[in-house]
Amino acid sequence: SQQGEEDPQALSIQEGENATMNCSYKTSINNLQWYRQNSGRGLVHLILIRSNEREKHSGRLRVTLDTSKKSSSLLITASRAADTASYFCATKTSYDKVIFGPGTSLSVIP
Amino acid sequence: EAQVTQNPRYLITVTGKKLTVTCSQNMNHEYMSWYRQDPGLGLRQIYYSMNVEVTDKGDVPEGYKVSRKEKRNFPLILESPSPNQTSLYFCASRNTGNQPQHFGDGTRLSIL
């Protein structure tokens, strides 16, 4: 079964709105990473949060991590049409292995 | 420019005809991985390598082989491809520790 599971599977919002995606995982982790993928292209790393961190910001992105609930969320503020993509969370375990979830497909409507 | 380069980008071939997908990175990364991406399943790891001559199976290694003779190269070999290996394949590399992965642009394989 997947270590990381994103929720929702698909999300459609208007430009300017905020988009929130959630990720849950099962085992203990060293870090959790979020990636973006545009339509069949390679994944692009967005942000990495370590297991001892609770929140991290990068531009319009805000990531939180709750290790007690084994969950993370990615917030994109003031979304733009260019944010339309699939978003994946990935967890790195102590065995130095990175496991991806099935992803959230985000559509931002102009 | 730091990058992971995969070749070919697209390939249509027939069942049983051996093929190799090459992957090269210019960042001196120790860790390299191969993933396949299928609709609704996200990315599943096929094989990974923690350094030269050190490789290990991921979650879906059946039907694939890899080698790591040099640090920069990590080819994926399909000795006898079958239609269920039709997929989008990604190579990735990173340093060890809490470092993000860098991905290639992908190779779309169709096995008829």
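Residues numbered from 1 in each chain as written. Chains lettered and ligands numbered in written order. Predicted model: local features only at pLDDT ≥ 70, side-chain atom pairs only at ≥ 80, totals over all residues. Heavy atoms only, no water.

## A word on the state of the cysteines
By definition, a disulfide links two cysteine residues through a covalent bond between their sulfur atoms.
Residue and element names in this part refer to chain A.
Next up, step 1: A full pass over the atoms with the stated rule returns two disulfides over all chains.
Next up, step 2: Two residues share a disulfide in this structure: C23 and C89, whose sulfurs sit 2.0 Å from each other. Every disulfide takes its handedness from the sign of the S-S torsion; for C23 and C89 that torsion is 60°, giving right-handed. Taken together, the positions of C23 in strand β3 (residues 19–25) and C89 in strand β9 (residues 85–92) put the pair 66 residues apart, joining distant regions of the chain.
Next up, step 3: With a relative accessible area of 1%, C23 lands in the buried category. (Disulfide = S-S within 2.5 Å. Helix = DSSP H or I, 4+ residues; strand = E, 2+ residues; numbered from the N terminus. Buried < 20%, exposed > 50% of the residue type's maximum accessible area, 1.4 Å probe, protein only.)

## Observations regarding the pairing of strand β6 (residues 55–58) of chain A
Next up, step 1: Judged from the four bridges that link them, β6(A) and strand β7 (residues 61–66) of chain A form a sheet pairing that is antiparallel. Bridge pairing links H57(A) to R62(A) in β7(A). (Pairing = 2+ DSSP bridges.)

## Here's the deal with the confidence of the model for chain A
Next up, step 1: Averaged over all residues, the pLDDT of chain A is 91; the fraction at 70 or higher stands at 95%.
Next up, step 2: For chain A, per-element mean pLDDT is lowest for strand β1 (residues 4–7) of chain A, which scores 76, and highest for β7(A), which scores 97. (pLDDT = per-residue confidence, 0-100.)

## What to know about the interface of chain A and chain B
Next up, step 1: Between chain A and chain B, the contact holds 21 residues from the first and 23 residues from the second.
Next up, step 2: Summed over both sides, the interface of chain A with chain B buries roughly 1800 Å², with 47% coming from carbon and sulfur.
Next up, step 3: When residues of chain A are sorted by the area they lose upon contact with chain B, D96(A), K97(A) and F100(A) head the list and together hold 28% of the total.
Next up, step 4: Where chain A touches chain B, the interface holds one salt bridge. (Contact = heavy atoms within 4.5 Å. Buried area = accessible area lost by both parts, 1.4 Å probe. Salt bridge = Lys/Arg side-chain N within 4 Å of Asp/Glu carboxyl O.)

## Side note on the sheet that holds strand β8 (residues 76–78) of chain B
Next up, step 1: Here we have four strands laid out as an open sheet, ordered β1-β3-β8-β7 (chain B), and antiparallel in their pairing. In this open sheet, the two strands that pair with only one neighbour each are β1 (4–7) and β7 (65–66) of chain B.

## Thoughts on the environment of G106(B)
All names here are of chain B.
Next up, step 1: Relative to the elements of secondary structure, G106 occurs in the loop between β10 (102–103) and β11 (107–111).
Next up, step 2: In sequence terms G106 and P8 are 98 residues apart; their C-alpha atoms lie 8.7 Å from each other.
Next up, step 3: Sequence-distant contacts of G106, defined by excluding residues within four places in its chain, comprise Q6, P8, R9, L88, Y89 and F90.

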